[in-house]
Amino acid sequence: MEKNIYAYKCKKCGQLHYPYRTICKKCGQNEHNEFDIVPMAKTGKLLTFTHLFTLPADYETVKLSLGVVELDDGMKITGQLKIEKPKIGMKVKGKVETVRSDEYDKRLGMVFYEA
Amino acid sequence: MAVDLEKILRPEEKPMPPFPSKYVTLASGDEMVIRQVDRDEIPDILPFIEPLLHVERDYYNVVAARVYAELLAYYTYRVQDEYVLIAQIDGELAAVVNGRMVNADVAMSYHTVALRRGLRIGAHAFAAKMEYHIDILKQKEVLIVAESPIGFRRWMIEYNLEKRFHIQHELGGVPSWALTKELFEKARDRLVVGRRPVPPELLEKAQAGILPPSDPPTPPQDLLAATRSLYDTTATALVGMRKQLREKQNA
Amino acid sequence: MRDVYVVGIGITSFTRLEYPLVEIAAYPGLMALRESGLNKVDHLYVANMGGGRINGQTGLASAVVDHMSLTPAGAETIENGPASGASAIKQGYMAVASGMHDIVMVIGAERMREVNNLEATDFVATLTHPHAEYIYGVTLPAMAGMFARLYMEKYGVTSRHLGMVAVKNHANAMHNFFAHLHQPITLEGILDSPEAATNNPMVADPLRFFDCCPVSDGGACVILATGDVAKKLDKPMIRLAGIGQATDTHTLHERQEPTDLLAVRAAAKKSFAMAGVKPGDVDVAELHDAFTILEIVESEEIGFFKKGEGHIALEKGLTKPDGKLPINTAGGLKARGHPVGATGVAQAHEIVLQLRGEAEKRQVKNARIGFTCNFGGFGNNVVCLTFIKEKEK
């Protein structure tokens, strides 16, 4: 089954949020958690990136590439990059994969590749 | 009779190609010379390692104790195929690195001691050591361990060393990591820095004598503060120690 | 609302301190009491971020108030990430201005080096959004790196400009006894020489080793009081005239314009409005340069320079100690150090010293109006303070 990252759509006014919030940031009229979940697009444009070398203890790699992507549906997301030479503005496509794991938990998130 | 015994006790004399001196510019703008020292200069280095035996922080005490032994063993011909490189800033001792050849292909890296902090001097000295083993002594891999977490972070993680956990390292028999020639080549532009030849005045100043470090690591004010604070969260022992120290100082 | 004045200050060395956190907090408080001639306070605020997680001490203020024998005065621990210090000062201000208390002590303290570097980095990374950032391994340097890259692309800031900030702040710290790093650096050493890559390795591309502040322990204190208490001192009256605070989205990617620090802009505006002064009136400023890019961007968002021209002002030397607007005369976070909870209070400490004329070799001539910017999280919670020296009595 294909995995997605979901945005949260206010049931009253339709405003999309990622990550989720308790109160809609546009109308503020929803009841707590009155959101529909909507899968976000997986393709987009790379807005900025960095290569991180001072990693938290549970990472065993030397370098981690991270970036902010503007998805084709207008939402923005932070994700890991598996791109040799990232450039601002390049087209990327994403997949949901394991992005962090300590001894017991695997955390899933978006990893972007060159489109 | 005494001469024959000494011959048995000494290591085999195997000439090693010398380390060609080089110099680097540090973040402070100072120039640092890295050169090899021979046995006759060891007595000049030992007095600067000795005070570190009492610095109970960042494993300086463990490293200093081991380095002191290694340098002394080198000086008295009791170690096989050891070498010592030093780094100097304006003649002042800034770092000491050493190691030895296990055989023609495998090296055993011993220690890296930085006597001035904050300028990545240890990183430069360690890199020089690796260059010596791989480029000059033409060995295939270097076995490495670290006593301090800082060392671990810098070397195991940054250079992606290979695990050789089945080999017990000479420094305490702990599982070894290895820098292979392949890894060295990948990291060459980061590892092999420094310029040769050293400008004559710079080299002359360095060779003229090994001067005392101007800002070496010193023991914390409270002698057991570092160790105490690890185990004694009430700090009552700390206060007691401080009182004792003050009384001793005032006496 | 009554006027609020700073009547006492104290600070420890920012370095690795091998003393318990409670002592690191108490010592500057002690210094401030001695300096002001007071021997009790009505209330204590302690700014601290890591007490629970790193040092195993929650309720730090309750511990400190007893450690300093100031009971039964009330006490609270204030946590606002790296902006804890200025937030605690804000609480102190409100307590005195409202008439609730007359004398309030504000301490900022942190002991980050009780744990190793990896732990400390992970601890600071908990400021990020747990589901949208933390799980990706995003740390504060990573966010600063992404921000810096975009800024460099859009406004033409270069690694050289970042290096200039570091060189300036290191030079400034040489005159500050309490600073963490007393190590002058040169652009040649960190950028130009063939060995620069080893001297100044990448931390979070494009930010390098010398673009990021060190991990420090330390404490600072200011005592806030009414005008009546301040009059009795034999020192110039320094009034905390303006406070502004603003927040922004938690995640970096949701910011409206990723190269803007809107929280800084709004907080500074409120602070100036409350104090009744303009950015051009400021004589000396302490900005939050946890990463060198931030000093440049904050100086623009606050209004000292036009947007996108902060690095040009830096080039011209306007922010040097002898320039038109000296920034970070005590070394900034880069060279003075950054014990997270203490920084906001340490910034106020330096401004008060400057306005009093007690900054010795760092003294900015005729400093009358000072400004601090304490940056919480990564630009999502900012507190700005404006201090004014009143006319000599």
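Residues numbered from 1 in each chain as written. Chains lettered and ligands numbered in written order. Predicted model: local features only at pLDDT ≥ 70, side-chain atom pairs only at ≥ 80, totals over all residues.

Caption draft 1: Focus on the overall build of chain C. Scanning chain C from terminus to terminus reveals 14 helices and 11 strands. The C-alpha radius of gyration computed for chain C amounts to 19 Å, which stays within 12% of the reference 21 Å derived for 393 residues, consistent with globular compactness. Split into buried and exposed, the 393 residues of chain C put 65% on the buried side. By sequence separation, contacts in chain C at least 24 residues apart represent 77% of the contacts at least 6 residues apart. (Helix = DSSP H or I, 4+ residues; strand = E, 2+ residues; numbered from the N terminus. Rg over C-alpha atoms; globule rule 2.2 N^0.38 Å. Buried ≥ 20, exposed ≤ 12 C-beta atoms within 10 Å, placed from the backbone. Contact = placed C-beta atoms within 7 Å.)

Caption draft 2: Representation of the overall build of chain B. Each helix and strand counted, chain B has 10 helices and 8 strands in total. Among the 251 residues that make up chain B, the fraction classed as buried is 37%. Excluding contacts between residues fewer than 6 apart, the proportion of contacts in chain B whose partners are at least 24 apart in sequence is 64%.

Caption draft 3: Representation of the interface of chain B and chain C. With 25 residues of chain B at the interface, the matching set in chain C holds 22 residues. Contributions of two or more residues to the side of chain B that touches chain C are made by β1 (22-25), α4 (121-136), α5 (149-157) and α9 (225-231) of chain B. Among the residues forming the side of chain B that touches chain C, the class breakdown is 12 nonpolar, 8 polar and 5 charged. (Nonpolar A, V, L, I, M, F, W, Y, C, P; charged D, E, K, R; others polar.)

Caption draft 4: Main features of the environment of A:Cys10. All names here are of chain A. For Cys-10, the location among the structural elements is in strand β1 (residues 6-10). Distance from Cys-10 to Ile-37, taken between C-alpha atoms, is 9.0 Å for residues 27 residues apart in sequence. Aside from chain neighbours lying at most four places away, what touches Cys-10 is Gln-15, Cys-24, Lys-26, Cys-27, Asn-30 and Phe-35.

Caption draft 5: Summary view of the pairing of strand β4 (residues 43-52) of chain A. Residues and elements named next belong to chain A. Among the 10 residues that make up β4, 8 are buried, leaving the element largely enclosed by the rest of the structure. Alignment of β4 against strand β7 (residues 91-101), held across 3 bridges, turns out to be antiparallel. When the sheet's bridge partners are listed, Lys-45 is paired in β7 with Lys-91. Relative to strand β5 (residues 64-71), β4 runs antiparallel, the two being bridged by 8 bridges. In the sheet register, Phe-49 faces β5, and the bridge partner there is Gly-67. (Pairing = 2+ DSSP bridges.)

Caption draft 6: Here's a closer look at the sheet that holds strand β5 (residues 106-114) of chain B. All names here are of chain B. Taken in spatial order, the 8 strands of this open sheet run β1-β2-β3-β4-β5-β6-β8-β7, and their pairing is mixed. Only two strands of the sheet have a single neighbouring strand rather than two, namely β1 and β7 (162-168). For this sheet, the mean inter-axis angle between neighbouring strands, taken without regard to orientation, is 30°. Relative to β5, strand β4 (residues 92-101) runs antiparallel, the two being bridged by 6 bridges. For Ala-95, the partnering residue across the bridge sits in β5 and is Ala-114. Contacts from α4 reach β1, β2 (31-37), β3 (82-89), β4, β5, β6 (141-144) and β8 (175-180), with the element oriented near 35° to β4. Of the strands in this sheet, β1, β2 and β3 are in contact with helix α8 (residues 200-208), which crosses β2 at around 55°. (Axes fitted to C-alpha atoms, helices over the stretch in contact; angles between N-to-C directions.)

Caption draft 7: Highlighting the confidence of the model for chain C. Taken as a whole, chain C shows an average pLDDT of 94; of its residues, 99% reach a score of 70 or greater. Reported for the predicted complex are a pTM of 0.91 and an ipTM of 0.92. (pLDDT = per-residue confidence, 0-100.)

Caption draft 8: Layout of the sheet that holds β1(A). Residues and elements named next belong to chain A. What the 3 strands build is an open sheet, ordered β2-β1-β3; its pairing is antiparallel. Edge positions in the sheet fall to β2 (16-17) and β3 (35-39), since each has one partner strand and no second. Bridge count for β1 against β3 is 5 bridges, and the pairing is antiparallel. Counterpart to Lys-9 in the pairing with β3 is Asp-36.

Caption draft 9: Structural view of the interface of chain A and chain C. Each partner contributes residues to the interface: chain A has 27 residues there, and chain C has 29 residues. Looking at the side of chain A that touches chain C, the elements with two or more residues in it are β4, β5, β6 (76-81), β7 and β8 (106-114) of chain A. Looking at the side of chain A that touches chain C, its residues break down into 15 nonpolar, 9 polar and 3 charged.

Caption draft 10: Geometry of helix α11 (residues 292-301) of chain C. All names here are of chain C. In terms of burial, α11 is a largely internal element, 10 of the 10 residues being buried. Where the residues of α11 are buried, they touch α5 (140-155), α6 (159-173), α10 (262-275), α12 (310-315), α13 (332-336) and β10 (369-376). Two residues or fewer after α11 comes Gly-303, characterised by a positive phi angle close to 110°.

Caption draft 11: Looking closely at unusual backbone geometry. Cis geometry is found at the peptide bond from B:Arg196 to B:Pro197, where omega equals -5°. Position of B:Pro197 relative to the elements: it lies in the loop between α7 (188-191) and α8. Between C:Thr71 and the following residue, C:Pro72, the backbone shows a cis peptide bond with an omega angle of 5°. Counting through the fold element by element, C:Pro72 comes out in the loop between α2 (60-67) and β3 (74-78). Phi is positive for C:Asn328, close to 60°, though the residue is something other than glycine. Positive phi values are uncommon outside glycine, yet C:Asn366 reaches one of about 50°.

Caption draft 12: Highlighting the confidence of the model for chain B. Mean pLDDT over chain B: 87, with 89% of residues reaching 70 or higher. Under a pLDDT of 50 for its full length, residues 226-234 of chain B has, in the predicted model, 13 contacts with residues more than four places off or in other chains.

Caption draft 13: Representation of the pairing of β5(B) within the structure. Residue and element names in this part refer to chain B. When you tally the buried positions in β5, you get 8 out of 9 residues, the bulk of the element. Counting the residues between successive antiparallel strands, the hairpin from β4 to β5 contains 4 residues. Strand direction decides the pairing type here: β5 and β6, joined by 3 bridges, are parallel. Residue pairing across strands places Val-106 opposite Glu-141, the latter belonging to β6. Taking the sense of rotation as the criterion, the β-α-β connection linking β5, α4 and β6 turns out right-handed. (Right-handed = clockwise from strand over helix to strand, strands pointing away.)

Caption draft 14: Fine view of helix α3 (residues 84-97) of chain C. Residue and element names in this part refer to chain C. For α3, which comprises 14 residues, the first-to-last C-alpha distance of 20 Å matches the rise-based estimate of 20 Å (1.5 Å per residue) to within 8%. For α3, a buried count of 11 out of 14 residues is recorded, marking the element as mostly surrounded by other parts of the structure. By the burial criterion, the buried members of α3 are Ser-84, Gly-85, Ala-86, Ser-87, Ala-88, Ile-89, Lys-90, Gly-92, Tyr-93, Ala-95 and Val-96. (Expected span 1.5 Å × (residues − 1).)

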